[in-house]
Amino acid sequence: MVADSVYAYAVSTIGSRYGANAWWWTQNNTTVYSSQYSILQNSAINNNFTGVQMAYSGTTNPNSFGPGGMSFALQLAISNGICYWEVWDTDILNTAFDSILTNATCSLSTEIETETSNGNNFQLYPYPASDKLFVSYHDTGKLELIILNTFGQEVFRQSPSNYLQLLMIDISKLKSGVYCLRVTTDKGQVFNHKIMITK
């Protein structure tokens, strides 16, 4: 109740410039602290300033995060549309994390979201979606589309044909909430898009 009231006050006072922040972030935030996790999810839907602070260093305490380590914890945050991440200096300096920290992207959703990189173009609409999500794309190689729920669990997977097209994804069986659409190209590029489903 205290966290809810603080969040409500901040939103009414400074609007979208406020975002909830989860300190000591690991995979446990989704289950052990479910009420705080719910506040974090609501914050990510409504503003751009939601963040997490990694509980441990992935370099010095890799097992403290649980399965998947810091990389999974970061991806879990991204799949919830959380676009600000605080990581430890030792992890920034560790070349083993260069790839995930450099390639980690968090796209804030709009009515139509477009991402263009090296000739790949993706458009997602509508936002929010209810029964159908449309993905327009053009790519010369093979693509894979995966939808992840807020626990990082896969709820949809498809490998569509590799030519210009408009793909319709049936999301009618998915519950209301925030999801992550992950687009992976055969070049190893990964694009993550926050989507919201409302019934």
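From a predicted model like this one, the values you see are computed outputs, not experimental measurements.

This paragraph deals with the packing of aromatic side chains. Given two aromatic rings, their pairing is described by the distance between the two centres and the angle made by the two planes. Under the counting rule described, the total for this entry stands at three aromatic pairs. Considering the side-chain rings of tyrosine 56 and phenylalanine 65, the 5.8 Å spacing of their centres and the 85° angle between planes classify their relative orientation as edge-to-face. Residue classification places phenylalanine 65 among the buried residues on the basis of a relative accessible area of 3%. One aromatic cluster in this structure is built from Trp24, Tyr56 and Phe65.

Time to look at the sheet that holds strand β1 (residues 21-25). Sheet architecture is open: three strands sit in the order β1-β2-β3, paired in parallel fashion. Strands at the two margins of the open sheet, each flanked by one partner only, are β1 and β3 (84-86). Across this sheet, the average inter-strand angle for adjacent strands is 15°, counted without regard to direction. As judged from the three bridges shared by strand β2 (residues 51-54) and β3, these two strands associate in the parallel manner. Across the sheet, glycine 51 pairs through a bridge with tyrosine 84, a residue of β3. Running at roughly 170° to β2, helix α3 (residues 69-79) makes contact with β1, β2 and β3 of the sheet.

A general feature of soluble globular proteins is that nonpolar side chains tend to end up buried together. Counting 21 residues, the largest nonpolar core has Trp25, Leu40, Val52, Met54 and Ile82 as the members making the most contacts within it. Counting only elements with at least two residues in this core, the list comes to β1, α2 (34-46), β2 and α3. No other element matches α3, which puts six residues into this core. When near neighbours in sequence (up to four residues on either side) are disregarded, methionine 54 contacts Trp25, Phe65, Met70, Ala73, Leu74, Glu86, Val87 and Trp88. With 19 residues, the next largest nonpolar core counts Ala129, Leu143, Leu145 and Leu174 among its residues.

The subject of this paragraph is the pattern of salt bridges. Considering all chains together, one arrives at two salt bridges under this definition. Where glutamate 144 meets arginine 157, a salt bridge forms, and the shortest distance between an N and an O atom there is 2.4 Å. Here glutamate 144, found in strand β7 (residues 143-148), pairs with arginine 157, found in strand β8 (residues 154-158); they are 13 residues apart in sequence, far enough to count as distant. Taking relative accessible area as the criterion, arginine 157 reaches 44% and is therefore assigned partly exposed.

Here we take up helix α1 (residues 2-14). For α1, spanning 13 residues, the distance from its first C-alpha to its last is 18 Å, which sits close to the expected 18 Å at 1.5 Å a residue. A positive phi of about 60° marks glycine 15, the residue just after α1.

Turning to its location among the elements, glutamine 36 is positioned in helix α2. We classify glutamine 36 as partly exposed; its relative accessible area is 45%. Expressed as a C-alpha distance, the spacing of glutamine 36 and alanine 3, which sit 33 residues apart in the sequence, is 7.8 Å.

The next thing to look at is a nonpolar patch on the surface. On the surface, a cluster of nonpolar side chains totalling about 390 Å² of accessible area is made up of Trp23, Trp24 and Tyr56. Looking at where tryptophan 23 falls in the secondary structure, it is placed in strand β1. Its relative accessible area of 55% is what places tryptophan 23 among the exposed residues.

As a further point, take the sheet that holds β8. Strand order in this open sheet of four strands is β8-β7-β10-β11, and the pairing throughout is antiparallel. The open sheet has two free edges, formed respectively by β8 and β11 (190-197), since each of these has just one partner strand. Each strand axis lies, on average, 20° off the axis of its neighbour in the sheet, ignoring direction. The pairing of strand β10 (residues 177-185) with β11 spans eight bridges and is antiparallel. The residue bridging cysteine 180 from the neighbouring strand is lysine 194, located in β11. Contacts between α3 and the sheet are confined to β10 and β11, with β10 contributing the most and set at about 115° to the helix.

Calculation rules
Residues numbered from 1 in each chain as written. Predicted model: local features only at pLDDT ≥ 70, side-chain atom pairs only at ≥ 80, totals over all residues. Heavy atoms only, no water. Phe/Tyr/Trp six-rings, centres within 6.5 Å; stacked < 30°, edge-to-face > 60°. Buried < 20%, exposed > 50% of the residue type's maximum accessible area, 1.4 Å probe, protein only. Pairing = 2+ DSSP bridges. Helix = DSSP H or I, 4+ residues; strand = E, 2+ residues; numbered from the N terminus. Axes fitted to C-alpha atoms, helices over the stretch in contact; angles between N-to-C directions. Contact = heavy atoms within 4.5 Å. Core = buried A, V, L, I, M, F, W, Y, C linked by side-chain atoms within 4.5 Å. Salt bridge = Lys/Arg side-chain N within 4 Å of Asp/Glu carboxyl O. Expected span 1.5 Å × (residues − 1). Patch = residues over 30% accessible without salt bridge, like charges linked within 9 Å, V, L, I, M, F, W, Y side chains within 5 Å. Areas by Shrake-Rupley, 256 points an atom, 1.4 Å probe, with all protein chains shown as cover.

These figures capture arrangement, not role.
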